[in-house]
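Each chain is listed here by its residues.
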Amino acid sequence: MMAPTLEQRDPSALPPGTAVCLGAFDGMHLGHQALVEHAKARAQHVGLVTFDPHPMQVLAPSRAPQLLQTATQRRRVCSALGIEHLVLLPFDHALAQMSAEQFVQQVLLDGLRPSTVVVGEDFRFGRGREGDGARLSELLAPAGIDVVRVPPVPAPPGARDPAADASSKLGATAVREAVATGAMERAGLMLGRWHSVAGTVVSGAKRGRTIGFPTANIAAPDAAMPPPGVYATVLAVWNDQGPCAGAVWPSVTNLGQNPTFSPEQPGVALPFSLEAHVLDEDLGEQLYGRDVELSFVARLRDEQRFDGPAALVAQIERDIVAARPRLGPDALANIIAPTPS
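What counts and how
- Residues numbered from 1 in each chain as written.
- Predicted model: local features only at pLDDT ≥ 70, side-chain atom pairs only at ≥ 80, totals over all residues.
- Heavy atoms only, no water.
- Helix = DSSP H or I, 4+ residues; strand = E, 2+ residues; numbered from the N terminus.
- Rg over C-alpha atoms; globule rule 2.2 N^0.38 Å.
- Buried < 20%, exposed > 50% of the residue type's maximum accessible area, 1.4 Å probe, protein only.
- Contact = heavy atoms within 4.5 Å.
- Areas by Shrake-Rupley, 256 points an atom, 1.4 Å probe, with all protein chains shown as cover.
- Lys, Arg positive; Asp, Glu negative; His and termini not counted.
- Charge placed at Lys NZ, Arg CZ, Asp CG, Glu CD.
- Pairing = 2+ DSSP bridges.
- Axes fitted to C-alpha atoms, helices over the stretch in contact; angles between N-to-C directions.
- Polar contact = N/O pair within 3.5 Å; in protein donor to acceptor, adjacent residues only side chain to side chain.

1. Considering the overall build of the protein chain
Next, step 1: The helix and strand tally for the protein chain stands at eleven helices and 14 strands.
Next, step 2: In terms of overall dimensions, the protein chain is globule-like: its C-alpha atoms have a radius of gyration of 22 Å, near the 20 Å expected for 341 residues.
Next, step 3: Burial statistics for the protein chain: of 341 residues in total, 51% are counted as buried.
Next, step 4: A separation of at least 24 residues holds for 76% of the contacts in the protein chain among residues at least 6 apart in sequence.
Next, step 5: Of the roughly 15800 Å² of accessible surface on the protein chain, a fraction of 53% belongs to carbon and sulfur atoms.
Next, step 6: Across the protein chain, the mean location of the 28 positive side-chain charges is 1 Å away from that of the 35 negative side-chain charges.

2. Side note on the pairing of strand S14 (residues 291-301)
Next, step 1: For S14, the buried fraction is high: eight of the eleven residues fall into the buried class.
Next, step 2: Alignment of strand S9 (residues 195-202) against S14, held across six bridges, turns out to be antiparallel. What sits directly across from Ala198, in S14, is Glu293.
Next, step 3: Examined bridge by bridge, strand S11 (residues 229-237) and S14 share eight bridges and lie antiparallel to one another. Among the inter-strand pairings, Val234 is bridged to a residue of S14, identified as Ser295.

3. A short note on the sheet that holds strand S5 (residues 116-120)
Next, step 1: Spatially, the six strands line up as an open sheet ordered S1-S4-S3-S2-S5-S8, and their pairing is parallel. A strand with exactly one partner marks an edge of an open sheet, and here the two such strands are strand S1 (6-8) and strand S8 (146-150). In this sheet, adjacent strand axes meet at a mean angle of 25 degrees when their direction is disregarded.
Next, step 2: Where S5 lies against S8, five bridges are found, and the strand directions are parallel. Its bridge partner being in S8, Val119 is matched across the sheet by Arg149.
Next, step 3: Sheet strands in contact with helix H1 (residues 30-42) are strand S2 (18-22), strand S3 (45-52), S5 and S8, and its direction is about 160 degrees off that of S5.
Next, step 4: Docked against the sheet, helix H6 (residues 133-140) engages S5 and S8, running at close to 170 degrees with respect to S8.

4. As for the side chain of Gln8
Next, step 1: Within the element layout of this structure, Gln8 appears in strand S1.
Next, step 2: Judged by relative accessible area, Gln8 falls into the buried class, the value being 16%.
Next, step 3: A distance of 2.8 Å separates a polar atom in the side chain of Gln8 from the backbone oxygen of Asp10.
Next, step 4: When residues no more than four places from it in sequence are discounted, the contact partners of Gln8 are Leu14, Leu86, Val87, Leu88 and Leu112.

As structure tokens, this is what we get:
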């Protein structure tokens, strides 16, 4: 397993010579990673300072975005990026009412005591978003603490939304929009890895085994899901002990309502399920209770109702043929792996 990132929920002092990246950091996409690289270039140690819960969940719950990662996933990405300290500041109305000056004094100067603070050019802080990067520099300069403002990172080639302005910057909103439309390749380019959901394998209806395609039924509450359909995916087991510990497999996943096996009931919403079929492995019941992460590589097709199991089996076979060339070594390497690759 990769080295864990140390985590704290208060602004107690970090080790001397720590550069901190400050922001919301939903998704840890390439723009966020650029801040981390600037911090690494300027200090011996790197910390990430963010808020829990996301500020919008406190200030405007009805407009709060669907988060791209769980807290567990963020920890994993931080470890993979070499971030040594993750500071999760509990966000509440008291913190929201701090002036820019109070935030700098209490959280940075009296608390964390960083050597450098790295923020994006559009960073805002303090009551009513009154402070920006320039104000942050003014407030920290007397203490000899440098502020680095990193310009927006453009979306990489192939990741730009054809309907959007080609100059629009990469950001969590753009990633969420790509995921919401099933554009998994675009989302992956902006994240620097495939978009994934974390969950636990639970017992399902076990219909897949009866037709020759056993699946792992994954419970992933509150995950940022793409639209229903069939996807080429990568399944990773994050348990460090027990069956299949640390395993990574190519898979084909159905996200939806299993309409072939679910009778239509007007006015009744069918339950959704997330079911991953691992290619070329018969795992039996080894995955039950396992902590897994499912990465979405490509959308293969819409979910559809078939006339019966035989027609569904024929389509699953075609799905596997379509998925295999998308799930080579490069695809499997483009995840945050539970074991060093």
